[in-house]
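An overview of the molecular structure
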Amino acid sequence: TISAPTPAPARAVRANRARGAVRARSTVYAYQTIALGRTLTGTHFIDLTEHIDAAVAKSGVKNGVVHVLSRHTTTAVTINENEARLMDDARMYFAKLAPATDFYLHNDLDRRSGPADWPGGDEAWRAQEPENCHAHLLSMVIGNSETIPVSEGKTTLGTWQSCMFVELDGPRERTVGIQVVGER
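I will try to describe carefully the structure that is included in this document. For every chain, the first residue of its written sequence is number 1, and the numbers climb from 1 along that sequence. Totals for whole chains, interfaces and linings use every residue, but because this is a predicted model, local features are given only for residues with pLDDT of at least 70 and side-chain atom pairs only at 80 or more, for both listing and counting. Neither water nor hydrogens contribute to the side-chain values; these are computed over all heavy atoms in the structure.

A short note on the sheet that holds strand β4 (residues 75-80)
The criterion, for reference: Think of it this way: DSSP has to see at least two bridges between two strands before they count as a pair. Put simply, DSSP H or I for four residues or longer makes a helix, DSSP E for two residues or longer makes a strand, and each gets a number counted from the N terminus. Note on geometry: axes are C-alpha line fits, over the in-contact stretch for helices, and angles between N-to-C directions span 0 to 180 degrees.
Taken in spatial order, the three strands make up an open sheet running β2-β7-β4, and their pairing is antiparallel. The open sheet has two edge strands, β2 (42-47) and β4, and neither has a second partner. Strand-to-strand twist across the sheet, computed as the mean angle between neighbouring axes with direction ignored, equals 25°. In terms of strand pairing, β4 meets strand β7 (residues 162-170) through six bridges, oriented antiparallel. Residue Ile79 lies in a different strand from β7, and its bridge partner there is Cys163.

With respect to the pattern of salt bridges
Formally: Salt bridge, as used here: a side-chain nitrogen of Lys or Arg that lies within 4 Å of a carboxyl oxygen of Asp or Glu. The buried label goes to any residue with under 20% of its type's maximum accessible area, the exposed label to any with over 50%, and the partly exposed label to all in between, with areas taken from a 1.4 Å probe on protein chains only.
Following the criterion strictly, the structure yields six salt bridges and no others. Arg91 serves as the salt-bridge partner of Asp88, at 2.8 Å between the closest nitrogen and oxygen. Here the residue Asp88 and the residue Arg91 both occupy positions in helix α3 (residues 84-97), the gap between them amounting to three residues, near one helical turn. On the basis of relative accessible area, Arg91 is assigned to the partly exposed category, the value being 29%. The salt bridge involving Glu129 is made with Arg112; its shortest N-O contact spans 3.5 Å.

Overview of the nonpolar core
Here is the rule: To qualify as a nonpolar core, a set must consist of buried Ala, Val, Leu, Ile, Met, Phe, Trp, Tyr and Cys residues joined through side-chain atoms within 4.5 Å. For this analysis, residues touch if any pair of their heavy atoms sits within 4.5 Å.
One finds Leu36, Leu48, Ile52, Val66, Val68 and Val176 to be the most contacted residues of the largest nonpolar core, which totals 19 residues. Those elements giving two or more residues to this core turn out to be β1 (27-38), α2 (49-59), β3 (63-70), β5 (145-151), β7 and β8 (173-183). Ignoring any residue separated from it by four or fewer positions in sequence, one finds Val176 in contact with Gln32, Thr33, Ile34, Leu36, Leu48, Val68, Leu69, Ser70, Arg71 and Phe165. Counting residues in each nonpolar core, the second largest holds 13 residues, with Ala90, Tyr104, Cys133 and Leu168 among its members.

Things to note about a nonpolar patch on the surface
Rules: Only residues above 30% relative accessible area that lack a salt bridge enter a patch, with like-charged residues linked at up to 9 Å and the nonpolar side chains Val, Leu, Ile, Met, Phe, Trp and Tyr linked at up to 5 Å. The protein chains shown are the only cover counted for residues, whose accessible areas, like all others here, come from Shrake-Rupley with a 1.4 Å probe.
A cluster of nonpolar side chains, namely Tyr93, Leu97 and Val141, defines an oily patch on the protein surface of about 320 Å² accessible area. Topologically, Leu97 is positioned in helix α3.

Let's talk about the sheet that holds β8
With antiparallel pairing, the five strands of this open sheet are ordered in space as β1-β8-β3-β5-β6. Each edge of the open sheet is held by one strand with a lone partner, namely β1 and β6 (154-155). Two strands pair when backbone bridges link them, and β5 and β6 are joined in this way by two bridges, in the antiparallel orientation. Bridging across to β6, Val150 finds its partner in Thr155. Contacts from α2 reach β1, β3, β5, β6 and β8, with the element oriented near 40° to β8.

Focus: α3
In plain terms, the rule: For a helix, the expected span equals 1.5 Å multiplied by the residue count minus one. As used here, the arc belongs to the directions running from the helix axis to the C-beta atoms.
Between its first and last C-alpha atoms α3 spans 20 Å; for 14 residues at 1.5 Å apiece the expected length is 20 Å, and the two agree. Every buried residue of α3 is accounted for by Met87, Ala90 and Phe94. Seen from one end, α3 has its buried residues packed into an arc of 55°, which puts them on one side. Turned more than 90 degrees away from the buried face of α3, the exposed residues are Arg85 and Lys96.

Considerations on the environment of Arg71
Following the sequence through the fold, Arg71 ends up in the loop between β3 and β4. Overall, the relative accessible area of 44% leaves Arg71 in the partly exposed class. In this structure, Arg71 is in contact with Tyr31, Thr33, Thr175, Val176 and Gly177, ignoring residues within four places of it in sequence.

Structure (structure tokens):
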């Protein structure tokens, strides 16, 4: 059997490692779920930036990415300026984009069935099911995740940027997932 020669760069790395000149890198995959508590009624913004920075620091990742995921279908995650009047403008815009009072097929609960094993059957399910199609639609438009580069152990958000969780159907108990991936 004839084997292909080892490429020169691979030979050099092996030789350097044997001499202790190249340190082996370890890849980190650090996931955590952050409990945000009970959100406010309607559209509510929660700045996640401190949680994200803490997750990066805890992971020890120097270069990589951090993924932020909303774990709910009526919430979103976005990057923008966390300024009170901008958040008010966003609330007004979202209300125009997908008014809660419009007719939506998803909200026509008499035509929907609950899960087969729901205690008390369809009527019990309908009694607790919110009419929240507007929140599902806004979640689809805004998006439910963000990815932020990590360089030299820090996120690379711009001066005025914050990563925010957006509640679109509160009040509810909410969580967010944060995964840091990269090299130490």
